Amino acid sequence: VIFTELRFIPFLLVVFGVHWLLPGHRSRKVWLLICSYVFYAAWDWRFLSLIWISTLVDYLVGLRLGALPPDDPARRRWLLVSLWANLVLLGTFKYLGFFVESAIALLDWLGIGADPWTLRIVLPVGISFYTFQTLSYSIDIYRGRLEPVRSLLDVALFVGFFPQLVAGPIVRASDFLPQLNRARRLDDVVWRSCILLFLSGFAKKACISDNLSLIVDEFYLHPERYDLLATWIGILAYSAQIYCDFSGYSDMAIASAGILGYTIPLNFDFPYLATNIREFWRRWHVSLSSWLRDYLYIPLGGGKGKPWHRNRSLMLTMLLGGLWHGAAWRFVLWGGLHGAALAAYREYNDRVPARFRGRVPVVVATVATFGSVALLWIPFRATSMADATTVVASAFGQGAGTTSADWRLLVVFAGLAAAHWIASSGKPARALVRAPGWVFAAWVGIAIACISAFSARAVEPFIYFQF
Amino acid sequence: MQPSPHASIAMRAVRTLILIASGVIFFAASAAILRNVLPAPLTTEADRRRLVFERASPPYDTVFLGTSRTYRGLDPAAFDTRTAAAGRPTHSFNFGLFGLRLFEARRVLKDLLAADREDRLRFVFLEMPPANWALERENLQSDRVIRYHDWRTFVDILRYLNQDPQTSVWSGWPRVVPLMENQANRGLGAAAFQSLAAGEDGVDDFIEQGAAELGDRGDGFQPLDQALSRADGDARERMEERHRLLLPSPEEWEESIEKLRKQLSAHQTVTDVAIELLAELSALVDQQRATPIFYLAPGFTPQWDVRGAHERGSVPALLAFDDPDRYPELYDRSLYFDKGHLNERGAELFSVVLADAFLDLQGP
């Protein structure tokens, strides 16, 4: 079920209605868990077993970790059980085919014949997200930052909660599990914020991302055909598409959880207004970047030690972050390029005195950061390295394509950028939340009419479903 | 004095209902404004044919509006040749659409007549829809179905279902979705954006994309055997399979004709809603100062009792070719691509027979 599909609305309304009509907190949690599994089973019921395995392993590991004294060496072994189980699941279903194919290609390149066999493993939707969630549960208990939960129901709901199950945000156990201890109250639901967030997420996905996908798909099908203007329109279109697609999903997930009384942290904070690459990563897919920081970058040494060590940790984190997005070398390259950009920015910060750094106008810094990020999306989206090279060459006027595009599309992008900037102040949202009831109701009516009219006819799957 | 908890809940419920009503009113008003502001989308085959009809030079004065039996089985050139030979020349266009529904025909006809800007239309031939496909059951979310599901059509459909003894009015509930999508202008603005994204003249591109479907002469006629000769890959395989499976053996063919003879005496009764719709189609053509002529194409699908409708005055002019005894030449197996559609030769013959009947109807 895709959030922008028509069938999701009645699903959500039924879940919502029954949830709040049920008398007890426990019965509501059971209901939510059943609905979450139904939601996932609508895609493929067979892969529910993977969620159950992940849930059960981390539940048991959590109990064992909680039962052992802090200095007991067995704790480490139990943590390894969790890491091993989750990473084997992830490795098998997401990366095994990739590694096998890469190994065969390498052997072939070395002149050692290998039987060309490929694995046809279906990637279970959401596996990258929920395995990271369950890992955070075990690791936090191991570190003594979280008490193990005795209720299997709570752990199962933490892993399987449908709003964030298939494409995040990656919710930390320490953020979500405490919410399950206290009965949720309908009066605590922040209605207007939830409605506002849901509609803005829906608009981003259905009206912007899905419409832009037509341009992007056409462009990346034959990137060699396009001239400079069309190439930049293709690059800008994908930058807007992936942001609106993923942040739109996150907004709807947060809003859906919100009307059920649960809080999921924000996943995007207007990332294209970042003035440097480090700030971009603090605003983009916050739940993943903070997860990588806390569970990978810092254990690898973080920002401590010699510059070489710091940069090594950074590069390793970003390379693995790239690989997390998909089992393909282009994602690794994308992660590596971002790692290099982050390392370069750190060097710049270390070497250039603050008084000089402060002289770069914010507009220039923002445009430069966005431009870099947009160019770095090229290997992420291109279907091959050759295509990525072609797009980069065309973007710098070295292409041979002649097909142009309508310049008025640039006006559309300018409008989107303006909307991004205006919304970032939070003033429009605050004004609507505080407005008289009838004003808010009128806005909702007008917004739904506009969303419906400008929604693309074909509902595209969310880009991050494939990750 | 504190209000009781029940009074408080009631007040909140009333307030919520008022807010929801406000939202609905603003939604409806915004949707109505958007419908008038946004350009009409070009997405369906009916749009393409309407544009070709509208841009034709010289303009067409005769049009055949019908199903795939018209699209595949009525050759405007053969028709025009015959009328010209009789000294009453026509310039005709084939506006056949796959599975055109009676409820859809009103919308299509309105658009078609609006495209006749120079009032050059003299004759509008309307193929009578077979009884068993008055309603489509598939693709309720297609652009085409959504386009004609306005409130009026929705109510007509419910009335139709209510009157039809073979169906239940409740079987109309899935139509709430296309009705909602119609009222919410689903995708109207997106279509405008996509035209912009296409980067060129959207109308020219749109016509060009489906030019092959309009036949060699661009008059909308493309017989199935011609389409088969140009198809390749999966499309060709599907058409060959259709030809093989749906064209009965000679023995089965004779049995089908015998069955058709029996069916002729047991036509399915036409409902009041259908009669009203047929009368409305007729009136729309009259308003354009053109002449409506209804016809039953040759074929084996069970028909409505349109002769009854004709006798009641809802169908002023009716040319029926559904009788194999009256038109044995139109029921020769060699003239068919499959059981439902004539082939190129059959289309040519039917067009001549139709032209003769039309000339007879006009009188000396």
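Not measured: the values here are computed from a predicted model.

Novice: Before we move on, could you go through helix 20 (residues 437–454) of chain A and cite the residues and values that matter?
Specialist: Residues spaced three or four apart along an α-helix face the same direction, because each turn holds 3.6 residues. For helix 20 of chain A, spanning 18 residues, the distance from its first C-alpha to its last is 26 Å, which sits close to the expected 26 Å at 1.5 Å a residue. Of the residues making up helix 20 of chain A, those classed as buried are Gly437, Phe440, Ala441, Ala442, Val444, Gly445, Ala447, Ala449, Ile451, Ser452 and Ala453 of chain A.

Novice: So, the sheet that holds strand 2 (residues 92–96) of chain B: which residues are in play, and what are the values?
Specialist: Residue and element names in this part refer to chain B. A sheet is described by the order of its strands in space; here 5 strands give the open sequence 2-1-3-4-5, paired in parallel fashion. Looking at the sheet topology across the chains shown, the edges are occupied by strand 2 and strand 5 (318–320). Here the average twist between neighbouring strands, direction ignored, is 20°. Note that strand 3 (residues 123–127) and strand 4 (residues 291–296) share 5 bridges and pair parallel.

Novice: Can you explain the interface of chain A and chain B? Please cite residues and give values.
Specialist: At the junction of the two partners, chain A supplies 26 residues and chain B supplies 28 residues. Summing the contributions of chain A and of chain B, the shared interface buries around 2200 Å²; its carbon and sulfur component is 67%. Taking the shortest distance from any N to any O, the salt bridge between Arg12 of chain B and Asp187 of chain A comes out at 3.4 Å. Our count for the chain A to chain B interface comes out at 6 residue pairs in polar contact (both at pLDDT 80 or more). Secondary structure elements with two or more residues in the side of chain A that touches chain B: helix 9 (191–221), helix 18 (408–424) and helix 20 of chain A. It is helix 20 of chain A that provides the largest number of residues to the side of chain A that touches chain B, a total of 12 residues.

Novice: Describe the packing of helix 18 of chain A against helix 9 (residues 188–198) of chain B, with residues and values.
Specialist: The packing of two helices is summarised by the inter-axis angle and the distance between the axes. At a minimum axis distance of 9 Å, the contact between helix 18 of chain A and helix 9 of chain B shows a crossing angle of 130°. The angle between helix 18 of chain A and helix 9 of chain B falls in the class oblique. Between helix 18 of chain A, through Arg408, Leu409 and Val412 of chain A, and helix 9 of chain B, the contact on the second element is made entirely by Phe193, Leu196 and Ala197 of chain B.

Novice: Quick rundown of helix 1 (residues 8–21) of chain A? Include the residues and the values.
Specialist: Residues and elements named next belong to chain A. Across its 14 residues, helix 1 extends 20 Å between first and last C-alpha, which sits within 8% of the 20 Å expected from 1.5 Å per residue. Turning to helix 1, its buried residues are Phe8, Phe11, Leu12, Val15, His19 and Trp20. Along the axis of helix 1, the buried residues cluster in a sector spanning 140°; they form a single face. The exposed residues of helix 1 that point more than 90 degrees off its buried face are Leu13 and Leu21. Buried residues in helix 1 make contact with helix 2 (25–44), helix 7 (162–165), helix 9 and helix 10 (228–259).

Novice: Go over the packing of helix 10 of chain A against helix 17 (residues 385–395) of chain A with me, naming the residues and quoting the values.
Specialist: Residues and elements named next belong to chain A. Look at helix 10 against helix 17: their axes get within 8 Å of each other, and the N-to-C directions meet at 120°. When the axis of helix 10 is compared with that of helix 17, the two are oblique. Between helix 10 and helix 17 lies a crossing whose hand is left-handed. Across the interface between the two elements, Leu228, Thr231, Trp232 and Ile235 from helix 10 touch Val391, Ser394 and Ala395 from helix 17. Here the residues of the contact of helix 10 with helix 17 sort into 5 nonpolar, 2 polar and no charged.

Novice: Lay out the confidence of the model for chain B with the relevant residues and their values.
Specialist: Chain-level statistics for chain B give a pLDDT mean of 86 and a share of 92% at 70 or above. Taken together, the chains of this predicted complex give a pTM of 0.80 and an interface ipTM of 0.76.

Novice: Describe the nonpolar core, with residues and values.
Specialist: Counting 125 residues, the largest nonpolar core has Tyr40, Tyr137, Phe161, Trp284 and Trp377 of chain A as the members making the most contacts within it. Sort the elements by how many residues they give to this core and helix 10 of chain A lands first, with 18 residues. Not counting residues up to four positions away in its chain, the partners in contact with Trp377 of chain A are Tyr238, Ser239, Ile242, Tyr272, Trp284 and Trp334 of chain A. Ranked by size, the runner-up nonpolar core spans 50 residues in total, among them Leu97, Ala115, Val270 and Ala274 of chain B.

Novice: Summarise the packing of aromatic side chains; cite the residues concerned and give the values.
Specialist: Residue and element names in this part refer to chain B. One pass over the structure, following the stated rule, counts 61 aromatic pairs over all chains. Both rings, one in Phe79 and one in Phe358, keep their centres 5.7 Å apart while their planes meet at 40°; by these two values the pair is tilted. On the criterion of sequence distance, the pair formed by Phe79 in helix 4 (residues 76–85) and Phe358 in helix 16 (residues 344–362) is long-range, its members being 279 residues apart. Taking the relative accessible area as the measure of exposure, Phe79 reaches 0% and is therefore buried. Lying over the aromatic face of Tyr71, Arg49 brings its terminal NZ or CZ to 4.4 Å of the ring centre.

Parameters at a glance
Residues numbered from 1 in each chain as written. Chains lettered and ligands numbered in written order. Predicted model: local features only at pLDDT ≥ 70, side-chain atom pairs only at ≥ 80, totals over all residues. Heavy atoms only, no water. Helix = DSSP H or I, 4+ residues; strand = E, 2+ residues; numbered from the N terminus. Expected span 1.5 Å × (residues − 1). Buried < 20%, exposed > 50% of the residue type's maximum accessible area, 1.4 Å probe, protein only. Pairing = 2+ DSSP bridges. Axes fitted to C-alpha atoms, helices over the stretch in contact; angles between N-to-C directions. Contact = heavy atoms within 4.5 Å. Buried area = accessible area lost by both parts, 1.4 Å probe. Salt bridge = Lys/Arg side-chain N within 4 Å of Asp/Glu carboxyl O. Polar contact = N/O pair within 3.5 Å; in protein donor to acceptor, adjacent residues only side chain to side chain. Parallel < 35°, antiparallel > 145°, perpendicular 65-115°, else oblique. Arc of directions from axis to C-beta. Left-handed = near helix turned anticlockwise from the far one by under 90°. Nonpolar A, V, L, I, M, F, W, Y, C, P; charged D, E, K, R; others polar. pLDDT = per-residue confidence, 0-100. Core = buried A, V, L, I, M, F, W, Y, C linked by side-chain atoms within 4.5 Å. Phe/Tyr/Trp six-rings, centres within 6.5 Å; stacked < 30°, edge-to-face > 60°. Lys NZ or Arg CZ within 6 Å of the ring centre and 35° of its normal.

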